Each structure stands twice: as C-alpha cells, then as structure tokens.
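Understanding the architecture of this molecule
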Amino acid sequence: MATNLAVLFSQGKKVLLLDLDLQFGDIAVLINGLNYKTIMDAINDDLESFSSIKQYLYSFNENLDVLFAPKTRRRQNL
C-alpha cells in the first residue's frame, strides 16, 4: 500500500519512500529495484554530507526516490 501511495503522491510532489521493514522489506521487488543499493550500504559507507545520500536513492520516476531495505536479513544469536 505504501508503494502505491508513494507513486500516487509523486504525481504532484517530490516523494521519498523509505523501506524501513528491515527484515522483510519488499518494495525493491514491487518496483523492480533488486540490484540497487540499500539502507545498509548507506550505513556502512562513510557519508560526508546529507547530499551524499542521493547515490543510494533509486529514482523510480521524476518525483519519486526510494531507499530500499537490506537485501538479506541479519541473524541475531540469542
């Protein structure tokens, strides 16, 4: 539902969609961005400024950018 709303809202305004479902995020599958950078790539790299985050955003259309959830979930040892 979030993906559909983001696409709808992007018809009139700039939208940033963040997939923060870090275990089961599937927005990359829905918009065909499977081989793109994720939020984990952004966290692991040393970002110099806020504007440097743009390289991690997938541009779906002119007004919609997406930051994807990690491709694989990290296991926690209990």
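Residues numbered from 1 in each chain as written. Predicted model: local features only at pLDDT ≥ 70, side-chain atom pairs only at ≥ 80, totals over all residues. Heavy atoms only, no water.

Here we look at the sheet that holds strand S2 (residues 58-61)
With mixed pairing, the three strands of this open sheet are ordered in space as S1-S3-S2. The sheet is open, and its two borders are formed by strand S1 (15-18) and S2, each paired with just one other strand. Adjacent strand axes in the sheet meet at a mean angle of 30 degrees when their direction is disregarded. In this sheet, strand S3 (residues 64-67) lies alongside S2 in antiparallel orientation, the contact comprising three bridges. Within S3, the residue paired with Tyr58 across the bridge is Val66. This element, helix H1 (residues 2-9), spans S1, S2 and S3 of the sheet and lies at about 170 degrees to S1. (Pairing = 2+ DSSP bridges. Helix = DSSP H or I, 4+ residues; strand = E, 2+ residues; numbered from the N terminus. Axes fitted to C-alpha atoms, helices over the stretch in contact; angles between N-to-C directions. Contact = heavy atoms within 4.5 Å.)

Focus on a nonpolar patch on the surface
On the surface, a nonpolar cluster with roughly 470 Å² of combined accessible area is contributed by Met1, Leu5, Leu8 and Phe9. Tracing the sequence through the fold places Met1 in the segment before H1. (Patch = residues over 30% accessible without salt bridge, like charges linked within 9 Å, V, L, I, M, F, W, Y side chains within 5 Å. Areas by Shrake-Rupley, 256 points an atom, 1.4 Å probe, with all protein chains shown as cover. Salt bridge = Lys/Arg side-chain N within 4 Å of Asp/Glu carboxyl O.)

Things to note about the side chain of Asp19
When you line up the elements, Asp19 lands in the loop between S1 and helix H2 (27-30). In this structure Asp19 is buried but unpaired, with Lys71 as the nearest side chain of opposite charge at 12 Å. A polar contact of 3.4 Å, which involves the side chain of Asp19, links it to the backbone nitrogen of Asp26. Engagement of the side chain of Asp19 in a polar contact is seen with the backbone nitrogen of Ile27, the distance being 3.2 Å. Look past the residues within four positions of Asp19 in its chain and what remains in contact with it is Gly25, Asp26, Ile27, Leu67, Phe68 and Ala69. (Buried < 20%, exposed > 50% of the residue type's maximum accessible area, 1.4 Å probe, protein only. Lys, Arg positive; Asp, Glu negative; His and termini not counted. Polar contact = N/O pair within 3.5 Å; in protein donor to acceptor, adjacent residues only side chain to side chain.)

Things to note about the environment of Leu8
For Leu8, the position within the fold is in helix H1. Between the C-alpha atom of Leu8 and that of Leu64, which follows or precedes it by 56 residues, the distance is 9.7 Å.

Description of the pairing of S3
Consecutive side chains along a regular strand alternate between the two faces of the sheet. Side chains Leu64 and Val66 of S3 all project onto a buried face; the interleaved residues Asp65 and Leu67 project onto the opposite face, where all are buried too. Looking at chain direction, S1 and S3 are connected through four bridges and run parallel. Note that in S3 the partner of Leu17 across the bridge is Val66. Between S2 and S3, which pair antiparallel in sequence order, lie two residues.

A look at the packing of aromatic side chains
With the rule as written, the count across this model stands at two aromatic pairs. Judged by centre distance (5.3 Å) and plane angle (75 degrees), the ring pair of Tyr36 and Tyr58 falls under edge-to-face. You can see Tyr36 sitting in the loop between H2 and helix H3 (39-44) and its partner Tyr58 sitting in strand S2, a full 22 residues away along the chain. Clustering of aromatic rings is evident, with ring pairs tying together Tyr36, Tyr58 and Phe68. For the cation-ring pair, Lys37 lies above Tyr56, with the distance from its terminal atom to the ring centre recorded as 5.1 Å. (Phe/Tyr/Trp six-rings, centres within 6.5 Å; stacked < 30°, edge-to-face > 60°. Lys NZ or Arg CZ within 6 Å of the ring centre and 35° of its normal.)

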